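Observations on the model geometry
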Amino acid sequence: MRETCAFYPGSFDPLTNGHVNIIQRGLRVFDRVLVALANNVNKNAMFTLQERADLVREVFAGESRVEVIVFEGLMVEAARKVGATAVLRGLRGVADFEYEFQMATMNNLLQPQLETVFMMTEKSHFFVSSQLVREVAGLGGDVEPLVPALVLQALRKRLP
Ligand code: ADP
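Just so it is clear, the structure is predicted and the values come from calculations on it, not from any experiment.

Let us look at the packing of helix α2 (residues 49-59) against helix α6 (residues 149-158). Where α2 meets α6, the axes come as close as 9 Å, and the angle between the chain directions of the two elements is 145°. The segment α2 lies against α6, with Glu51, Leu55, Glu58 and Val59 engaging Leu150, Val151, Ala154 and Arg158. Along the lines of polarity and charge, the residues of the contact of α2 with α6 split into five nonpolar, no polar and three charged.

Given below as structure tokens:
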């Protein structure tokens, strides 16, 4: 049987425990999870694309079924090129739903063969977002419970 592969796109600026949870659960359903960093110009990014990719690789160093790639342009095109079985997305609640519904519908229009699979966040990660992590860490707050240890180290190095 052909290997199944989830294409998990996002900014991952930085990787949070919410992302880690979705990746780990994705591995229960798919043979491989491809963490796909979108190379879109974002001047407000805290970490460079390379730094973000390295952090994901380091956190999942012991898991050969997780790979990291960088993609440009249309997400569905990138997913098609790597032969992904489905796009994997996390849902935190109604706030995510509207946007995710729009994206999934548009992607279905662009590439009807490509399914989008949603996983509900675990309740402990309900309020975790990369943006919140950047904001709280930037103001000197403790984000230890929200990110992997390696990401915490990187944040501490980056911030005064
Ligand atoms: P984006 O730039 O699209 O917001 P992110 O890097 O924030 O990308 O997130 C990538 C994916 O991970 C999205 O599907 C997002 O909903 C999901 N995600 C982010 N944080 C969490 C979380 N705490 N629980 C579940 N899913 C999450």
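Anyway, onward from the coordinates.
A separate point is α2. Listed in full, the buried residues belonging to α2 are Arg52, Ala53, Leu55 and Val56. For α2, the angular spread of buried residues about the axis comes to 160°, placing them on one side.

Okay, the layout of surface pockets next. Taken as a whole, the largest pocket holds about 1100 Å³ of empty space. Taken together, 40 residues form the lining of the largest pocket, with Pro9, Gly10, Ser11, Arg89 and Arg92 sitting closest to its centre. Counting residues per element, the ones that place at least two in the lining of the largest pocket are β1 (5-10), α1 (17-29), β4 (86-91), α4 (94-110) and α5 (130-138). In terms of residue class, the lining of the largest pocket is built from 15 nonpolar, 17 polar and eight charged.

We now examine the pattern of salt bridges. Scanning the model with the defined rule gives 10 salt bridges in all. Across the pair Glu67 and Arg32 runs a salt bridge whose closest N-O atoms are separated by 2.7 Å. Placement of the pair is Glu67 in strand β3 (residues 66-71) and Arg32 in strand β2 (residues 32-38), with a sequence separation of 35 residues. Arg32 gets classed as partly exposed once you look at its relative accessible area, which sits at 22%. Between Glu100 and Arg89 there is a salt bridge whose closest N-O contact spans 2.7 Å. You can see Glu100 sitting in helix α4 and its partner Arg89 sitting in strand β4, a full 11 residues away along the chain. A residue is classified by how much of its surface remains accessible, and Glu100, at 6% relative accessible area, is buried. Overlapping salt bridges bring together Glu3, Arg32 and Glu67 as one network.

Calculation criteria
- Residues numbered from 1 in each chain as written.
- Predicted model: local features only at pLDDT ≥ 70, side-chain atom pairs only at ≥ 80, totals over all residues.
- Heavy atoms only, no water.
- Axes fitted to C-alpha atoms, helices over the stretch in contact; angles between N-to-C directions.
- Helix = DSSP H or I, 4+ residues; strand = E, 2+ residues; numbered from the N terminus.
- Contact = heavy atoms within 4.5 Å.
- Nonpolar A, V, L, I, M, F, W, Y, C, P; charged D, E, K, R; others polar.
- Buried < 20%, exposed > 50% of the residue type's maximum accessible area, 1.4 Å probe, protein only.
- Arc of directions from axis to C-beta.
- 1 Å grid on protein atoms, 1.4 Å probe; cavity = no way out; pocket = protein on both sides within 12 Å on 5 of 7 lines; lining within 4 Å.
- Points joined across faces, edges and corners; volume = space filled by probe spheres on them.
- Salt bridge = Lys/Arg side-chain N within 4 Å of Asp/Glu carboxyl O.

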